Structure formats: C-alpha cells, structure tokens
Amino acid sequence: MSNHDIELTINGRRFAGSVEARKTLSDFLRIDAGYTGVHVGCEHGVCGACTVIVDGRAVRSCLMLAVQVNGAEVKTVEGLAAPDGTLHPAQQALRDEHGLQCGFCTPGVLMTMAVLTAGNAKPSEESLLAALSGHICRCTGYQGIRRAVKRLAGENL
Ligand code: FES
Ligand code: FES
C-alpha cells in the first residue's frame, strides 16, 4: 500500500511523516507523533475524547484522516499550557473545580473549552455546556465539569 507524505505543525513544531491514506488523525498523533494525550475511546465520533484543534476548530481526530491535515496547524492537549507551564484557563478551571477523575475524557473536554474561549471570547455558560454535550464522561457525573464551565464563563464575562 502506498504512503503519502504529510507535513504539518503540531503544538508549534513542524512535523513531517509518511502515512497510509487510511490512517486516522488520532492514530497518527498518538502513534507516529507521540502525542498520547489524544485519547481514543469510541473511535466513531461519539465520545469526544479524541478532540483536537485543527486550524482553530475543534475536531474529532478519530473521524479525520491524517492526510487531511497536510499543511495544517494542529494543537493537542500537550500544547495547551503556556511554555512556562502556566495552565490554560480551562485547565485551571477543571483543576480548581475537580472536574476530572480518571482523566480519560479530559483532553477532549479541554480542547473544546479552549476553542470556545480562544482570543478572549466570552462564551455564555449555556453555549459552553451545549458544546460539552458532545463529550462523554463516565466518572464525574458531570458536576465538576459543570462547575468548571461556570467558573470559566464567569471569568470571561
Ligand atoms: S474516540 Fe473519537 S469521538 Fe470517541
Ligand atoms: S474523568 Fe473519567 S471519563 Fe471523565
């Protein structure tokens, strides 16, 4: 099977690879590029755990092919905190409000929150919760996540 050469930016770093046309973006990021913060749960677009940011938009990386991100800018949870380690406001909010237990859903939740608050956007609590309805968490009962969203909305309003 022939491979395709791709070149992209992941978390600010150039990355070049050679991938089969059928390889998903999630497998590429985890296996080829080593960004195992990309979690794979359902592998069919339901759970949201694999969410990453591609050219500023939150996407489910299990539903995208690696060849589709040729030339794109991709951000994973590993690239969310500032270079000096300062947590992204979404990370800080989840931490402060105990919005995670096992952490499996957390990277996807964070990437969606990060997109909605990018550029100091001021999303309402309702719009944040609506976006997060696409993320399944099997541990928290969502209460901590809801509190984190409230805090994040409050910080941005
Ligand atoms: S692993 Fe992609 S949505 Fe569940
Ligand atoms: S914290 Fe375990 S799945 Fe959400």
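In what follows, the structure referred to is the one given above.
Let me begin by describing the structure that accompanies this report.

If you tally the helices and strands in the chain, you get five helices and five strands. Computed over C-alpha atoms, the radius of gyration of the chain comes to 16 Å, within 12% of the 15 Å expected from 2.2 N^0.38 for 157 residues, which places it in the range of a compact globule. Taken over 157 residues, the chain has a buried fraction of 43%. In the chain, the share of contacts with a sequence separation of at least 24, taken over all contacts with a separation of at least 6, comes to 55%. A total accessible area of about 8100 Å² is found for the chain, and carbon and sulfur atoms account for 49% of it.

On to the layout of surface pockets, then. Taken as a whole, the largest pocket holds about 340 Å³ of empty space. In terms of lining residues, the largest pocket is bounded by 21 residues, among which Ile53, Lys75, Leu80, Ala114 and Ala118 are the most central. Secondary structure elements with two or more residues in the lining of the largest pocket: β5 (73-75), α3 (106-116) and α5 (143-156). Top contributing element to the lining of the largest pocket by residue count: β5, with three residues. Looking at the lining of the largest pocket residue by residue, the class counts come to seven nonpolar, 10 polar and four charged. For the lining of the largest pocket, the domains that each give at least three residues are domain 1 (3-78) and domain 2 (89-156).

As defined by bridge partners, strand β3 (residues 51-54) adjoins strand β4 (residues 57-60) across four bridges and the pair is classed as antiparallel. Considered in β4, the bridge of valine 54 is made with arginine 57. Hairpin connection of β3 to β4: two residues between the antiparallel strands, including aspartate 55 at a positive phi of 50°.

Another aspect to go through is the environment of alanine 90. You can see alanine 90 is positioned in helix α2 (residues 89-96). Residue alanine 90 is classed as buried on the basis of its relative accessible area of 0%. For the pair alanine 90 and threonine 112, spaced 22 residues apart in the sequence, the C-alpha separation amounts to 9.4 Å. With residues near it in sequence (within four places) discarded, alanine 90 still touches Leu110, Met113 and Leu152.

So, about the sheet that holds β3. Pairing is mixed across the open sheet formed by five strands, whose spatial order is β2-β1-β5-β3-β4. The outermost strands of the open sheet, each flanked by one partner alone, are β2 (13-20) and β4. Taking each pair of neighbouring strands and ignoring which way they run, the sheet shows an average axis angle of 40°. Bridging between β3 and β5 involves two bridges; their strand directions are antiparallel. Paired with isoleucine 53 across the two strands is lysine 75, which belongs to β5. Sheet contacts for helix α1 (residues 25-32): β1 (3-10), β2, β3 and β5; angle to β2, the most-contacted strand, approximately 115°. Of the strands in this sheet, β3, β4 and β5 are in contact with α3, which crosses β3 at around 35°.

Definitions and cut-offs
- Residues numbered from 1 in each chain as written.
- Chains lettered and ligands numbered in written order.
- Predicted model: local features only at pLDDT ≥ 70, side-chain atom pairs only at ≥ 80, totals over all residues.
- Heavy atoms only, no water.
- Helix = DSSP H or I, 4+ residues; strand = E, 2+ residues; numbered from the N terminus.
- Rg over C-alpha atoms; globule rule 2.2 N^0.38 Å.
- Buried < 20%, exposed > 50% of the residue type's maximum accessible area, 1.4 Å probe, protein only.
- Contact = heavy atoms within 4.5 Å.
- Areas by Shrake-Rupley, 256 points an atom, 1.4 Å probe, with all protein chains shown as cover.
- 1 Å grid on protein atoms, 1.4 Å probe; cavity = no way out; pocket = protein on both sides within 12 Å on 5 of 7 lines; lining within 4 Å.
- Points joined across faces, edges and corners; volume = space filled by probe spheres on them.
- Nonpolar A, V, L, I, M, F, W, Y, C, P; charged D, E, K, R; others polar.
- Domains from an automatic or database assignment.
- Pairing = 2+ DSSP bridges.
- Axes fitted to C-alpha atoms, helices over the stretch in contact; angles between N-to-C directions.

Geometry only, nothing functional implied.
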